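Coordinate analysis (summary)
Take a look at the letters that make up each chain.
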Amino acid sequence: MRTDKDRKRIRKQTRRRKIRHLRRRLEEATNPADRQRLIAKIKRVSPTAPVPDR
């Protein structure tokens, strides 16, 4: 059985992994529309996460 502490840890790890993946995609994106879409997605996943300007 999972404890609340485990759930929080797993959720945080998943969020970090997802943000890392989205930032990598953002670096490769050249189309401004795609960049805006990815930035919005990063902000939705973690509003306080810094978004690279390039």
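About the cut-offs
- Residues numbered from 1 in each chain as written.
- Predicted model: local features only at pLDDT ≥ 70, side-chain atom pairs only at ≥ 80, totals over all residues.
- Heavy atoms only, no water.
- Salt bridge = Lys/Arg side-chain N within 4 Å of Asp/Glu carboxyl O.
- Helix = DSSP H or I, 4+ residues; strand = E, 2+ residues; numbered from the N terminus.
- Buried < 20%, exposed > 50% of the residue type's maximum accessible area, 1.4 Å probe, protein only.
- Axes fitted to C-alpha atoms, helices over the stretch in contact; angles between N-to-C directions.
- Parallel < 35°, antiparallel > 145°, perpendicular 65-115°, else oblique.
- Left-handed = near helix turned anticlockwise from the far one by under 90°.
- Contact = heavy atoms within 4.5 Å.

**Quick notes on the pattern of salt bridges**
- For the coordinates displayed, the defined rule picks out 3 salt bridges.
- Residue K8 pairs with D4 through a salt bridge whose shortest N-O separation is 3.9 Å. Taken together, the residues K8 and D4, both in helix α1 (residues 4–28) and 4 residues apart, mark about one turn of the helix.
- On the basis of relative accessible area, K8 is assigned to the exposed category, the value being 56%.

**Overview of the environment of R20**
- Tracing the backbone through its elements, the reader meets R20 in helix α1.
- Between the alpha carbons of R20 and T3 there is a distance of 26 Å; along the sequence they are 17 residues apart.

**Considering the packing of α1 against helix α2 (residues 32–45)**
- Between α1 and α2, the least distance of the axes is 10 Å, while the angle of their chain directions is 165 degrees. It follows from the interaxial angle that α1 and α2 lie roughly antiparallel. Between α1 and α2 lies a crossing of left-handed hand. Residues R15, K18, I19, L22, R23, R25 and L26 of α1 lie in contact with α2, whose contacting residues are R35, R37, L38, I39, K41, I42 and V45.

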